[in-house]
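Here is what each chain is made of, one letter per residue.
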Amino acid sequence: MSITQQHLLDTFRARSLGEPAPPAPGTHEWQVVREWRDERNVRAALAGRPARRRLRDALRRWRRPT
């Protein structure tokens, strides 16, 4: 079953039960990514590590060695 078919089935069930329709697939993806990143930064800060973008910083160091 595709994601679209599952969404249509969930919408039909919600409408039949008088509940609000579920959000469309992909609606809250960026919010989830932001929350995951924020949690990762908080955990790093609590562990005493720098809370920054490690991959981007590593690529920048690799590209421009000092």
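Residues numbered from 1 in each chain as written. Predicted model: local features only at pLDDT ≥ 70, side-chain atom pairs only at ≥ 80, totals over all residues. Heavy atoms only, no water.

Participant: Can you help me understand the overall build of the chain in this one?
Facilitator: Within the chain one finds 3 helices and 0 strands. Shown N-terminal to C-terminal, the secondary structure of the chain runs as helices and strands in the order α-α-α. Dimensions of the chain along its principal axes, counting C-alpha atoms only, are 65 × 30 × 15 Å. The 66 residues of the chain split such that 8% are buried. Summed over its atoms, the accessible surface of the chain is roughly 6400 Å², and 57% of this surface lies on carbon and sulfur atoms. With 15 positive and 7 negative side-chain charges, the chain shows a separation of 13 Å between the mean positions of the two kinds. (Helix = DSSP H or I, 4+ residues; strand = E, 2+ residues; numbered from the N terminus. Buried < 20%, exposed > 50% of the residue type's maximum accessible area, 1.4 Å probe, protein only. Areas by Shrake-Rupley, 256 points an atom, 1.4 Å probe, with all protein chains shown as cover. Lys, Arg positive; Asp, Glu negative; His and termini not counted. Charge placed at Lys NZ, Arg CZ, Asp CG, Glu CD.)

Participant: Is there a simple way to think about the confidence of the model for the chain in this case?
Facilitator: The predicted coordinates should not be examined in detail at positions where pLDDT is low. Looking at the chain, pLDDT values average 85 and 95% of them are 70 or higher. When the elements of the chain are averaged for pLDDT, helix 3 (residues 54-63) gives the smallest value, 73, and helix 1 (residues 3-17) the largest, 94. (pLDDT = per-residue confidence, 0-100.)

Participant: Whenever I open this one, the side chain of His7 confuses me. Can you help?
Facilitator: Along the chain, His7 falls in helix 1. Here His7 falls in the buried class, since its relative accessible area comes to 19%. Ignoring anything within four residues of it in the chain, the contact list for His7 reads Pro22, Pro23, Ala24 and Pro25. (Contact = heavy atoms within 4.5 Å.)

Participant: Please explain a positive patch on the surface as it appears in this structure.
Facilitator: A surface patch of like charges, here positive, comprises Arg34, Arg37, Arg40, Arg53 and Arg56. Tracing the backbone shows Arg56 in helix 3. (Patch = residues over 30% accessible without salt bridge, like charges linked within 9 Å, V, L, I, M, F, W, Y side chains within 5 Å. Salt bridge = Lys/Arg side-chain N within 4 Å of Asp/Glu carboxyl O.)

Participant: Honestly, helix 2 (residues 29-46) in this entry has me stumped. Any pointers?
Facilitator: Counting along an α-helix, one turn takes 3.6 residues, and residues three or four places apart therefore face a common direction. If you check helix 2, its first and last C-alpha atoms are 26 Å apart, about what 18 residues at 1.5 Å a residue would give, namely 26 Å. One or two steps after helix 2, the chain reaches Gly48, where phi turns positive at roughly 85 degrees. (Expected span 1.5 Å × (residues − 1).)

Participant: Which parts of the structure should I look at to understand the environment of Asp38?
Facilitator: Inspection of the secondary structure puts Asp38 in helix 2. Residues Asp38 and Ala51 lie 13 residues apart in sequence; the distance between their C-alpha atoms is 9.3 Å.

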